[in-house]
Amino acid sequence: MSVYRPLVCLFRHGTAARAWRTLTTWSPVGAAFNARVHRRLDIFHQNGLFGVPELSCVEGFEVVQDRALQETQQLVEEACRCPPGVQTVEIFDKLSDSLCRVADMADFIKVAHPDPLYREAAERTCINIGTMVERLNTNVDLCKSLKDLLDNEEIFSKLDPETRRVAELFLFDFEISGIHLDKKKRKEAVNLNVKLLDLSNQFLMSCHMPNRIEKRALPEHIHQHFTKDGNYIQIGGLNADAPDDLVREVAYKVFLYPNENVMHILEELLSCRDKLARLVGYESYAHRALKGTMAKSPVTNNLRLKPGLNLPLGVIRAERFNIEPSLYSPYFSLGACMEGLNGLFTQLYGVSLLAEQPSVGEVWSEDVRKLAVVHETEGLLGYIYCDFFYRPDKPHQDCHFTIRGGRQLEDGQYQLPIVVLMLNLPHPTRSAPTLLSPGMMENLFHEMGHAMHSMLGRTRYQHVTGTRCVTDFAEVPSILMEYFATDYRVISQFARHYQTGQVFYAIMDQVYHGKPQNRSTTDIMIDMQKKYYGLPYVTNTAWQLRFSHLVGYGAKYYSYLMSRAVASMVWKQCFYKDPLNRETGERYRREMLAHGGGKEPMLMVEGMLQKRPSIEDFVNALVSDLDPDFETFIMDSEG
C-alpha cells in the first residue's frame, strides 16, 4: 500500500526519529494513536463509564444491577403471560439484553479498571447477575412459555429463520442447565453453576496476577524490564517480545512458577464442571460444551489430526522465516497500523474509523482511545474503545470484550454495539511513537477482526449479535484478519511471524474436560506437551495456571483450530487473489459477518465457499496452512 512507501524509505535512510517529530501526513486516526492523549478538563459535565451516568462512582454498580434485576422480574412475568408468537422471542431477547448490558460491562471492569474498588464492585455485580441467570435457566414456568411456542408447529413455522433459531438457542440454554430434572436436582444444578461462577472468577483473576521475586535474585541489568515493588520485582507476563534471552527466560520461569492455591482452584473448577455435566445428563463437560457447535462432539472423536500437525505452529513458522522482529518494528508505529486497518476496512466494506474525544469519566484510563465506526451509506455502526497500552493492573493477554450487543429496537432504531479491545503494547517514548513487533501487529489485526464482527453484524436479536455465536465460528473473522496482516498487498514489507502451538492447547483442553483422570493437571500437561508441542517442559512451571481461556473457552479451545481451517479456506478461495476487492468484502459481510449467531454456522460457511466443507476439508486446510509450497506471504519488490 502506498501509505507505507514513504515510511520504508525514511527508515532505510536512518531518519526515523526526526520523521516522527516532523511528519504531518498522518490521517486523524493515525495521529490519534501516535500522539499522546490530552484530555479536556470539564468539571461541570462528569459522565460515567461508557456514558452510563450511574457509573461515575463505585456505588453506581448496585444501582444499575438492581434496575436490571427489577426489569428482569417484570419481563419474566410478561413472558409467562404472553401467548405463543414472535413476541415471546422478543421478550426473551429483551430479558437477555437487560442482564447482559450490566453483566458484560461488569465482566470487563472487574479485570480492567485500575481502581480496586471499581473492580470489587464489578465483581459483586457479576456474581449477582450470574446467579440470577442460572435461576432463570431452571425456571420451569419461563421455559414452558418458550416451549409452548416451539411445540406449536403452525405458529413456529411462520416465524422468520433468525427468530426460529434464537428461540431454539434459548431452549438449548434451558436444556443444558437441567430444566428436565426434578426440583431437588434443579436446585443442585443452580448451586453448581453458582459455585462455578465463583471458581471461574477466582481462576481468571489468578491468571492475571503477577508473581514476585526478590531483586537480589536477578541480575541488575534486567531489572529495568520489569515492575519494581520495593525489594521485589513483579513479573506479570512472559515478555515474549523482549530481545534479551535472559529476560524471556526469567519471565517464563517466574511468571509460570506453580501456585498451590491456584492449582487447587483449577482442579476444583474441572471437578465441578464434570459434576454439573453428569448431573444434567452428559458423558462429560466436553460433550455438554460442544453440543450445538460445528464440531458437535469432543474434537478428539471427529477430527483426526495428521502427524504434520503435532509440531507447534511456532516451530514451523520460525524455521520458514528466520527474521529478527526488531528489524521491522520501526516501520510499524501504532498510528501507521491503525491507518492500515482503516484503509483496509474502507476498501472492503466502505467503513471508516473515526477518533472521538471521550467525555470526562467515560473511560477508565487516560490511555484509552475511542473510535466511532462509520459506514459510507449506513452511518454510525458502533463504538470501539481501544485500551492498547501496558499497565501493571491489566490482564497480560490480548482480548476483546462485548460491552453492549446490537439489536433492533421497537422504534425502528438499532441499538449500537460497543466493544473494547485490550492489548499490552509498549508506551511511546520521547523519541518515538509506539512501535509494534510482527507479533503485536498480528494480534492487533486479530482483535480488530472480533471488533468488526460486532460492528458489521445487524442481527434482529442481541442474543446472537456479533461474536455471540458458537465458539468454533467466533474465531473465524479474527483469524482471517491475520491473513490480511501477513499479505504484502495490505501491509507493505511486513514479514510473517511465528504463531503459537494451538494443537497442544486444544488437545490439553479436551483432556482436562473429558473423563476425570487420577493425576494432576501438571502431569497431564507434561504428557500432552511431550506428544503435541515439540518443545520440552520446563521444570517448576505450571503454564495451565495462566491459561485463562479455560474459563471462557472451557472444552472449546479446539475452536481456534476449527476457525483457522475455515479462515484458511475463505482466504485462499475468496481473498488470496485480491485481498482488497470490495465485492468480495461485501459478500463476506453479507454471508458471514452480518448474521452473528443468528444463522447456523455451517450454512454461513457454505454460503461463502459455495460448498459444505467435509472433515477432510478442515484437516487439509490446516495442513496446507503449514505447507511451505503455499506462500501467503510474498515479499514485495521495489518495482
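Bear in mind that the values here come from a model prediction, so they are computed numbers and not experimental data. (Residues numbered from 1 in each chain as written. Predicted model: local features only at pLDDT ≥ 70, side-chain atom pairs only at ≥ 80, totals over all residues. Heavy atoms only, no water.)

**Q** Could you give an account of the nonpolar core, with specific residues and numbers?
**A** Membership of the largest hydrophobic core comes to 71 residues, with the highest contact counts inside it found for Met338, Phe345, Ile384, Phe388, Phe575 and Met592. A total of 11 residues in this core trace back to one element, the largest contributor, which is helix α23 (residues 559–575). Setting aside residues no more than four positions away along its own chain, Ile384 makes contact with Arg369, Lys370, Leu371, Val373, Val419, Leu421, Met448, Ala451 and Met455. Ranked by size, the runner-up nonpolar core spans 61 residues in total, among them Leu49, Ala121, Leu171 and Ala372. (Core = buried A, V, L, I, M, F, W, Y, C linked by side-chain atoms within 4.5 Å. Buried < 20%, exposed > 50% of the residue type's maximum accessible area, 1.4 Å probe, protein only. Helix = DSSP H or I, 4+ residues; strand = E, 2+ residues; numbered from the N terminus. Contact = heavy atoms within 4.5 Å.)

**Q** Now, about the sheet that holds strand β1 (residues 211–214): what can you tell me, with residues and values included?
**A** Read from one edge of the open sheet, 3 strands run β1-β3-β2, paired in antiparallel fashion. The open sheet has two edge strands, β1 and β2 (227–229), and neither has a second partner. Shown here is a sheet whose adjacent strand axes are inclined to one another by a mean of 35 degrees, direction ignored. Where β2 and strand β3 (residues 232–235) come together, 3 bridges link them in antiparallel fashion. Its bridge partner lying in β3, Lys228 is registered against Ile233. (Pairing = 2+ DSSP bridges. Axes fitted to C-alpha atoms, helices over the stretch in contact; angles between N-to-C directions.)

**Q** Tell me about the confidence of the model for the chain, and name the residues and values.
**A** Per-residue confidence for the chain gives a mean pLDDT of 82, with 81% of residues at or over 70. When pLDDT is averaged over each element of the chain, strand β5 (residues 369–375) comes out on top at 97 and helix α1 (residues 5–12) at the bottom at 32. Confidence drops under pLDDT 50 across residues 300–323; counting only partners more than four residues distant or on other chains, this segment forms 62 contacts. Contacts from residues 628–639, a stretch scored under 50 in pLDDT, to residues over four places away or in other chains number 30 contacts. (pLDDT = per-residue confidence, 0-100.)

**Q** Describe the sheet that holds strand β10 (residues 418–425), and please don't skip the residues or the numbers.
**A** Strand pairing in a sheet takes place through backbone hydrogen bonds and is either antiparallel or parallel in direction. Reading across from one edge, β4-β5-β6-β10-β7 is the order of the 5 strands in this open sheet, with mixed pairing throughout. A single partner strand is all that each edge strand has here, and the edge strands are β4 (351–356) and β7 (399–404). If you compare each strand with its neighbour and ignore which way they point, the axes differ by 25 degrees on average. Two strands pair when backbone bridges link them, and β4 and β5 are joined in this way by 6 bridges, in the antiparallel orientation. The residue of β5 that forms the bridge with Ala355 is Leu371.

**Q** Could you give me a rundown of the pairing of β10, with the residues and numbers involved?
**A** Among the 8 residues in β10, 8 count as buried, and that is most of the element. Of the two faces of β10, the one lined by Ile418, Val420, Met422 and Asn424 and the one lined by Val419, Leu421, Leu423 and Leu425 are each fully buried. Note: strand β6 (residues 379–389) against β10, 6 bridges, orientation parallel. Across the sheet, Phe389 pairs through a bridge with Leu425, a residue of β10. The pairing of β7 with β10 spans 5 bridges and is classified as antiparallel. Paired with Cys399 across the bridge in β10 is Met422.

**Q** Provide a residue-level description of the packing of helix α17 (residues 438–456) against helix α19 (residues 476–485), including the pertinent values.
**A** Interhelical geometry of α17 versus α19 gives an angle of 135 degrees and a closest axis separation of 7 Å. The orientation of α17 relative to α19 falls into the category oblique. Classified by chirality, the crossing of α19 by α17 is right-handed. Note on element contacts: α19 touches α17 through Pro477, Ser478, Ile479, Met481, Glu482, Phe484 and Ala485, opposite Glu442, Phe445, His446, Gly449, His450 and His453. Of the residues contributing to the contact of α17 with α19, the split by class is 6 nonpolar, 5 polar and 2 charged. (Parallel < 35°, antiparallel > 145°, perpendicular 65-115°, else oblique. Left-handed = near helix turned anticlockwise from the far one by under 90°. Nonpolar A, V, L, I, M, F, W, Y, C, P; charged D, E, K, R; others polar.)

**Q** An account of the packing of aromatic side chains is needed here, citing residue identities and associated values.
**A** Counted according to the given criterion, the structure contains 15 aromatic pairs. The interplanar angle of 80 degrees and the centroid separation of 6.1 Å between the aromatic rings of Phe61 and Tyr118 together place this pair among those described as edge-to-face. Of this pair, Phe61 sits in helix α4 (residues 60–81) while Tyr118 sits in helix α6 (residues 116–136); the two residues are 57 residues apart in sequence, bridging distant segments of the chain. Here Phe575 and Tyr588 contribute two aromatic rings whose centre-to-centre distance is 5.7 Å and whose plane-to-plane angle is 90 degrees, an arrangement assigned as edge-to-face. A residue pair is termed long-range when its members are at least 10 positions apart, and Phe575 in helix α23 and Tyr588 in helix α24 (residues 582–591) qualify at 13 residues. With respect to class, Phe575 is no different from Tyr588; both count as buried. An aromatic cluster of at least three residues, connected via ring pairs, comprises Phe50, Phe108, Trp364, Tyr385 and Phe401. Over the aromatic face of Tyr232 sits the side chain of Arg212, whose NZ or CZ is 4.0 Å from the ring centroid. In this structure, Arg369 is placed above the aromatic ring of Phe33, and the distance from its NZ or CZ to the ring centre is 5.9 Å. (Phe/Tyr/Trp six-rings, centres within 6.5 Å; stacked < 30°, edge-to-face > 60°. Lys NZ or Arg CZ within 6 Å of the ring centre and 35° of its normal.)

**Q** Run through unusual backbone geometry, naming residues and quoting values.
**A** Phi is positive for Phe50, which is not a glycine, with a value near 55 degrees. With respect to the helices, strands and loops of the structure, Phe50 is situated in the loop between α3 (28–34) and α4. A positive phi angle is found at Asn540, which is not glycine, with a value near 60 degrees. Position of Asn540 relative to the elements: it lies in the loop between α21 (521–532) and α22 (549–552). Asn540 gets classed as partly exposed once you look at its relative accessible area, which sits at 45%.

**Q** Lay out the environment of Arg582 with the relevant residues and their values.
**A** Looking at the secondary structure, you find Arg582 in helix α24. As for Arg582 and Thr346, which are separated by 236 residues in sequence, their C-alpha atoms are 8.8 Å apart. Here Arg582 is in contact with Thr346, Gln347, Leu348, Tyr349, Gly350, His375 and Glu376, once residues within four sequence places are set aside. Among the polar contacts made by the side chain of Arg582, one reaches the side chain of Glu376 at a distance of 2.7 Å. (Polar contact = N/O pair within 3.5 Å; in protein donor to acceptor, adjacent residues only side chain to side chain.)

**Q** How would you explain the environment of Gln462 if you had to name every residue and give the values?
**A** Looking at the secondary structure, you find Gln462 in the loop between α17 and α18 (471–474). By relative accessible area, which is 1% here, Gln462 ends up buried. Each C-alpha atom, one on Gln462 and one on Gln408, is 8.1 Å from the other, the two residues being 54 residues apart in sequence. Residue contacts for Gln462: discarding those within four places in its chain leaves Asp93, Ser96, Asp97, Cys100, Gly405, Gly406, Arg407 and Arg468. Engagement of the side chain of Gln462 in a polar contact is seen with the side chain of Ser96, the distance being 2.5 Å.

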